[in-house]
Amino acid sequence: MASGRKLVIVESPAKAKTIAGYLGSDWDVEASVGHIRDIPTPSEMPAEVKKGPFGKFGVNIDDDFDPYYVVDADKKKKVRELKALLKNADELYLATDEDREGEAIAWHLYETLQPKVPVKRMVFHEITREAIQRAANQTRDINTSLVDAQETRRILDRLYGYEVSPVLWRKVKAGLSAGRVQSVATRLVVERERERMAFVRASYWDVDADVTPGAQEDLFTARLTGVDGKRVATGRDFADDGTLKGDKAVQLDEERATGIAEALRSAEVTVAEVSEKPYTRRPSAPFTTSTLQQEASRKLRLNSRNAMRVAQRLYENGYITYMRTDSTTLSDAATSAARQQARELYGGDSVPDAPRRYERKVKNAQEAHEAIRPAGDRFRTPKQVSGELRGDEYRLYELIWMRTVASQMADARGSTASVRLAATLRDGAPAREVELSASGTVITFRGFLAAYEEGRDDTRARDDDERRLPKLGAGRRLEVRRSEANGHETSPPARYTEATLVKAMEERGIGRPSTYASTIGTIQDRGYVSNRGSALVPSWLAFAVTRLMEEHFGRLVDYDFTASMEEDLDAIARGDEQRAAWLRRFYFGDEASSADGLRDLVEDLGDIDARAISTIDIGDGIVVRVGRYGPYVEEVVPAGVDASTGEVTDAAAADSAAAQPRRATITDEIAPDEMTPAIARELLDRAADDGRVLGQDPRTGRDIVAKSGRYGPYVTEVVPEEEQGKGKNKVKPRTASLFKDMDLGTIELDTALRLLSLPRVVGSDPESGDEITAQNGRYGPYLKKGSDSRSLTSEQQLFDITLEEALAIYAQPKQRGRAAAKPPLAELGTDPVSGKPVVVKDGRFGPYVTDGETNATLRKDDDPEQLSPERGYELLAEKRAKGPAKKTARKRTTKKTTAKRTTAKKTTAKKAAKKA
């Protein structure tokens, strides 16, 4: 065995590569590539384990919630590699992240590798030479309390998901999932959409006037704020039902506002009051995980997952400190670095006399690190890293650098002036007294604003920064140059964006900053939430799931209860609470407080009306139902019946509608708050054409029907029952999709018969004798001659193309694929591994990135037009690491029956880890 060799294990290859450069030649640095083992699903368990106490959850709920761990199938090779390296090492350094998840990874490595050499826990919050070498000399033991907290969270999520999700499968839709944080996040988005649906818009008017004491350069704009001693109503004065709150404000309509605007043009306007007060604005604290995600969304248009992905790369390559943190604290070295750079770049007066300290009390704050900042004791400016970073990595580093430096700079200072104007309108009798107001802020010292200004969530919010008012005194007469009435409508509460949802979750203490990105990604992947621009729009499916959770699992989606669970996990991390005892109370209930546990909630559900749960009443006798194949509207009050009184107005129509209620599919383009009764009736009227009999096929006598299906409108024939046959002889009705330019409501029998006649025989090739047919396929219209297919440019050609035109197409050299190669969507540069140019292309199954040898499909949240080179290289590297796709599924259970049971950790194991 080599003398003095040390093995360091980190999570990611990128981190391993960076750290290896900071340690000597007698250090081996290897990556575990994340977790190496986990609690398996029941289907992945060996047969003998399934029959035992671990069979339901992978956790023995009767033995202190003992988990059953197995090494992931794709990590077995990695474990063998690590064990081989460990044989040649004298010491093992577990250098995973310093949060709970990283601590758990270190513990799992220790338990799996069973090292015979001394084990040291090495932690750091930035990857610089100084930090790594300092961490190697200042090691500690594995923190078993942090491991307990992570394991409790993992078991909690397993129990929650495995008990509640099956209820959703039975009562809403198969394949759904519930989760401790994801269900609450979904509820937040649904509740906001409910507020928008209940919102009643109100209209109101105001008046703007351009006034001046004389000179054109002194012109400023004032707004009407009072009429006859009453304040003019603005948007904030209206309740959600469209009525005014109280009687202290007056609502102007168009006629009255226009009259005031006209009268103002000839009115005498004087200055009633002038006031001035100092203006001071403090810089924002350095970034935490949540504020970084919020600001990256506002300023860089990066969603939470992409922001964290980019931050991860910056951290692993030594550009920033650890990016999962609740802390706003900067170390003394970082504070000095920020102050020094501010002094050098913006002048000595831009830095206050004393360093700024940001001691923020975050609800449920996890173990504290430093705030997110540039790495090192002296920060590199964006200009200094511009040759190394590109795209999103550069932009995010610049954002972090600016925020960190600005946090140590002086306040912005200035003054805010307000002026109140009085006018008497003599356009009628009696005369009316009106009041106008204006304000403006003058920044006399920019301070931190020279480096950075925080973005805003509400783009409608505006202040008067840098708007100057002329010097005015009380009694000064002003001239009105322009006066104009403006109409407005109140706006419903804004939908959550990823930034504002992260902010709301943090304020309520729900989840962890390190999980916000994955939580938002999960509710999007599950179909509960979709994006409309930057806004998060809940699906009707989310309404049904949230209603079931609220009515039958109310405590589990209660915001305070969810936050209290985070507090309890913190108590376990501090060692103030015991893992098994807490899980026992959560699952079996707490006798001391008579609180039911999760098991009792599931067992005592009673009868759940699945139809009622999936029904949302939108008024006027219309409901939305969430069905097996998606949402649809249904008319529950039949046509011919007054929805408000219930009186029958047309008996024949009512009888007909009652026998067959009208229904119509809801497309994804219509958001829930847009689904009004009027829109619903339009859909119902349009759907009346669905199932319309167009006539009979003169050849077969069968009815031809036009329908609207899940994948679009189509026509089909109705095969009579006596002609259907059975088994292999069963007659399959002919079906054909409508062309893109055809309409379900106007299609006629002749067109339908032409569609059903496809594929059409165009003719035969005179040379080969092969028949040429025109067909409509999954990827569009095409010609087929034997095994040779050629694409057509339009669907109409299926009916119109002649044999001569078809032969001319076949006379051309065959192009690879359906058509000539499309130009790439983007060019990303040269791949650092293959050395070949990387481009983004639009393929048959969606956009993908390729270097000509390896193709990698873009993820759901990757924008092909804005994909950074680094992200493209990362996708290719991931695809290469996976290797070629396997053609047959591996039977994992066969191997696992002979596998040794990897038992859960015991107290003695923890003690051994601590001693090591």
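Structural notes, computed from the coordinates. (Residues numbered from 1 in each chain as written. Predicted model: local features only at pLDDT ≥ 70, side-chain atom pairs only at ≥ 80, totals over all residues. Heavy atoms only, no water.)

**Concerning the overall build of the protein**
And then number 1: Within the protein, the secondary structure is distributed over 29 helices and 34 strands.
And then number 2: Counting only residues that meet the buried cut, the protein has 48% of its 916 residues in that class.
And then number 3: Pairs at least 24 residues apart make up 67% of the contacts formed inside the protein by residues separated by at least 6 positions.
And then number 4: About 45700 Å² of surface is accessible on the protein, with carbon and sulfur atoms providing 47% of the total. (Helix = DSSP H or I, 4+ residues; strand = E, 2+ residues; numbered from the N terminus. Buried < 20%, exposed > 50% of the residue type's maximum accessible area, 1.4 Å probe, protein only. Contact = heavy atoms within 4.5 Å. Areas by Shrake-Rupley, 256 points an atom, 1.4 Å probe, with all protein chains shown as cover.)

**Notes on the side chain of E635**
And then number 1: The residue E635 is located in strand 21 (residues 630-635) in this model.
And then number 2: At 2.7 Å, the side chain of E635 forms a polar contact with the side chain of R681. (Polar contact = N/O pair within 3.5 Å; in protein donor to acceptor, adjacent residues only side chain to side chain.)

**Focus on the packing of helix 10 (residues 304-316) against helix 15 (residues 513-525)**
And then number 1: The N-to-C vectors of helix 10 and helix 15 enclose an angle of 140°; their axes lie 8 Å apart at closest approach. Between helix 10 and helix 15, the angle falls in the class oblique. For the element pair helix 10 and helix 15, the recorded crossing hand is left-handed. Between helix 10 and helix 15, the residues in contact are S304, R305 and M308 and A517, I520, G521, Q524 and D525, respectively.
And then number 2: Partitioning the contact of helix 10 with helix 15 into residue classes produces three nonpolar, three polar and two charged. (Axes fitted to C-alpha atoms, helices over the stretch in contact; angles between N-to-C directions. Parallel < 35°, antiparallel > 145°, perpendicular 65-115°, else oblique. Left-handed = near helix turned anticlockwise from the far one by under 90°. Nonpolar A, V, L, I, M, F, W, Y, C, P; charged D, E, K, R; others polar.)

**Regarding the pairing of strand 1 (residues 6-10)**
And then number 1: When you tally the buried positions in strand 1, you get five out of five residues, the bulk of the element.
And then number 2: In this structure, strand 1 lies alongside strand 7 (residues 91-94), joined through four bridges in parallel fashion. Considered in strand 7, the bridge of L7 is made with L92.
And then number 3: Relative to strand 2 (residues 27-31), strand 1 is paired through five bridges, and the arrangement is parallel. (Pairing = 2+ DSSP bridges.)

**Here we look at the environment of T291**
And then number 1: Mapped onto the secondary structure, T291 falls in helix 9 (residues 289-300).
And then number 2: For T291, a relative accessible area of 15% puts it in the buried group.
And then number 3: Separated by 215 residues in the primary sequence, T291 and E506 place their C-alpha atoms 9.6 Å from one another.
And then number 4: Those residues in contact with T291, other than ones at most four positions away along the chain, are P286 and R403.

**A few points about the sheet that holds strand 24 (residues 703-709)**
And then number 1: A sheet is described by the order of its strands in space; here four strands give the open sequence 23-24-25-26, paired in antiparallel fashion. Whereas interior strands pair on both sides, the edge strands pair on one side only; in this sheet they are strand 23 (692-696) and strand 26 (735-737). Here the average twist between neighbouring strands, direction ignored, is 25°.
And then number 2: Taken together, the three bridges between strand 25 (residues 712-718) and strand 26 define a ladder with antiparallel strand orientation.

**Structural notes on helix 4 (residues 100-113)**
Three or four residues apart is the spacing at which side chains of an α-helix point the same way, because the helix has 3.6 residues per turn.
And then number 1: Taking 1.5 Å as the rise per residue, helix 4 with 14 residues should run 20 Å; its terminal C-alpha atoms sit 20 Å apart, in good agreement.
And then number 2: Q114 lies just past helix 4 and shows a positive phi near 45°. (Expected span 1.5 Å × (residues − 1).)

**A short note on the pairing of strand 33 (residues 846-850)**
And then number 1: Here strand 32 (residues 837-843) runs beside strand 33; their pairing, made up of five bridges, is antiparallel. Across the sheet, residue V840 finds its bridge partner in strand 33, namely V849.
And then number 2: In the sheet, strand 33 pairs with strand 34 (residues 855-857) via three bridges, with the strands oriented antiparallel. In the strand pairing of strand 34, V849 is matched with A856.

**What about the nonpolar core?**
And then number 1: Counting residues in each nonpolar core, the largest one holds 97 residues, and the members touching the most others are F553, V633 and M675.
And then number 2: In terms of residues, this core owes the most to one element, helix 6 (residues 144-171), which gives 10 residues.
And then number 3: Apart from the residues within four sequence positions on either side, V633 is in contact with I622, V623, V624, R662, R663, A664, I666, M675, A680, L683 and L684.
And then number 4: Counting residues in each nonpolar core, the second largest holds 57 residues, with L23, M323, L399 and A517 among its members. (Core = buried A, V, L, I, M, F, W, Y, C linked by side-chain atoms within 4.5 Å.)

**Digging into the packing of aromatic side chains**
And then number 1: Within the structure shown, the criterion is met by 13 aromatic pairs.
And then number 2: Considering the side-chain rings of F65 and Y587, the 6.3 Å spacing of their centres and the 80° angle between planes classify their relative orientation as edge-to-face. Taken together, the residues F65 in the loop between strand 4 (59-60) and strand 5 (66-67) and Y587 in helix 18 (residues 579-588) connect sequence positions 522 residues apart.
And then number 3: For F65, a relative accessible area of 0% corresponds to the buried category.
And then number 4: Taking the relative accessible area as the measure of exposure, Y587 reaches 2% and is therefore buried.
And then number 5: Between Y315 and Y322, the aromatic rings sit 5.3 Å apart at their centres with planes inclined by 70°, giving edge-to-face as the arrangement. A single burial state applies to Y315 and to Y322, both of which are buried.
And then number 6: Every member of this aromatic cluster is reached through a ring pair, and the members are F57, F65, Y587 and F588.
And then number 7: Above the face of the Y559 ring, R187 is positioned so that its terminal group lies 4.6 Å from the ring centre.
And then number 8: Its end group placed over the ring of Y810, K785 keeps NZ or CZ at 4.6 Å from the ring centre. (Phe/Tyr/Trp six-rings, centres within 6.5 Å; stacked < 30°, edge-to-face > 60°. Lys NZ or Arg CZ within 6 Å of the ring centre and 35° of its normal.)

Read these as layout, nothing more, since geometry by itself doesn't imply function.
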